[in-house]
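Breakdown of the fold
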Amino acid sequence: QVQLVESGGGLVQAGGSLRLSCAASGRTLSTCRLAWFRQTPGQERELVVAIRWNSGSTYVANSVKGRFTISRDNAKNTVYLEMNNLKPEDTAVYYCAADGLKYSPLADTRPTSYDYWGQGMQVTVSL
């Protein structure tokens, strides 16, 4: 069992930056991947970035490539999403996610391939 607590969401101007944090607790040694998804009303939840916890290998969606970066701090059991050059279309609820040793490919974009979820944080990008 893994618990994920998100922080750092809020309002930011277009072109600005924002950093989201996701602190993990519980049986974190069983976690292989951590990721950030986002979702807007009426749309499917989409994978934004993912990281292999042990190796640090990352996946980045084309829509945010060159602007978003995922990283982790092993000592703090925390994963971060650094968002730069934000655009209005980045407005969404952002969810932190972790798996349970499923050994799925890092590029597996299905939300169902993850087992644990944060509460979701609103990110709003204004013009």
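See above for the structure.
Summarised in this report is the structure supplied together with it. This is a predicted model, so every value here is computed, not measured.

Within the chain, the secondary structure is distributed over zero helices and 11 strands. Secondary structure of the chain in N-to-C order comes out as β-β-β-β-β-β-β-β-β-β-β. The dimensions of the chain, computed from C-alpha atoms along their principal axes, are 40 × 25 × 25 Å. The buried share of the chain, taken over its 127 residues, is 43%. For the chain, restricting intrachain contacts to residue pairs at least 6 apart in sequence, the fraction spanning at least 24 positions comes to 58%. Put simply, the chain shows about 6400 Å² of open surface, and 49% of that area lies on carbon and sulfur atoms. A distance of 4 Å separates the average location of the 13 positive side-chain charges in the chain from that of its 10 negative side-chain charges.

A few words on the sheet that holds strand S7 (residues 68-73). Ordered by their spatial adjacency, four strands build an open sheet running S1-S3-S8-S7, and the pairing between neighbours is antiparallel. Two strands lie at the open edges of the sheet, namely strand S1 (2-7) and S7, each paired on one side alone. Within this sheet the neighbouring strands show an average axis-to-axis angle of 20 degrees, counted without direction. Sheet topology note: the S1/strand S3 (residues 18-26) ladder contains six bridges and is antiparallel.

Taken across its seven residues, strand S5 (residues 46-52) has five buried, putting it largely inside the fold. Looking at chain direction, strand S4 (residues 33-39) and S5 are connected through six bridges and run antiparallel. When the bridges of S5 are listed, tryptophan 36 appears paired with valine 49. Count of turn residues in the S4/S5 antiparallel hairpin: six residues, of which glycine 42 carries a positive phi of about 80 degrees. Both S5 and strand S6 (residues 58-60) contribute to a ladder of three bridges, which runs antiparallel.

Position of methionine 83 among the secondary structure elements: in strand S8 (residues 78-83). Given the relative accessible area of 0%, methionine 83 is considered buried. Taking C-alpha positions, methionine 83 is 4.6 Å from phenylalanine 68, a pair spaced 15 residues apart along the chain. Leave out the neighbours within four places in its chain, and methionine 83 touches Gly16, Ser17, Leu18, Leu20, Arg67, Phe68, Tyr94 and Val123.

This part takes up the state of the cysteines. A full pass over the atoms with the stated rule returns one disulfide. With its sulfur 2.1 Å from that of its partner, cysteine 22 forms a disulfide with cysteine 96. Its S-S torsion of about -85 degrees marks the bond between cysteine 22 and cysteine 96 as left-handed, since a negative value means left-handed. Of the two residues, cysteine 22 sits in strand S3 while cysteine 96 sits in strand S9 (residues 92-98), which places them 74 residues apart along the sequence.

The biggest cluster of nonpolar side chains holds 28 residues, and the ones touching the most others in it are Trp36, Phe68, Val79, Met83 and Tyr94. When contributions to this core are tallied by element, the ones reaching two or more residues are S1, S3, S4, S5, S7, S8, S9 and strand S11 (121-126).

Calculation criteria
- Residues numbered from 1 in each chain as written.
- Predicted model: local features only at pLDDT ≥ 70, side-chain atom pairs only at ≥ 80, totals over all residues.
- Heavy atoms only, no water.
- Helix = DSSP H or I, 4+ residues; strand = E, 2+ residues; numbered from the N terminus.
- Buried < 20%, exposed > 50% of the residue type's maximum accessible area, 1.4 Å probe, protein only.
- Contact = heavy atoms within 4.5 Å.
- Areas by Shrake-Rupley, 256 points an atom, 1.4 Å probe, with all protein chains shown as cover.
- Lys, Arg positive; Asp, Glu negative; His and termini not counted.
- Charge placed at Lys NZ, Arg CZ, Asp CG, Glu CD.
- Pairing = 2+ DSSP bridges.
- Axes fitted to C-alpha atoms, helices over the stretch in contact; angles between N-to-C directions.
- Disulfide = S-S within 2.5 Å.
- Core = buried A, V, L, I, M, F, W, Y, C linked by side-chain atoms within 4.5 Å.

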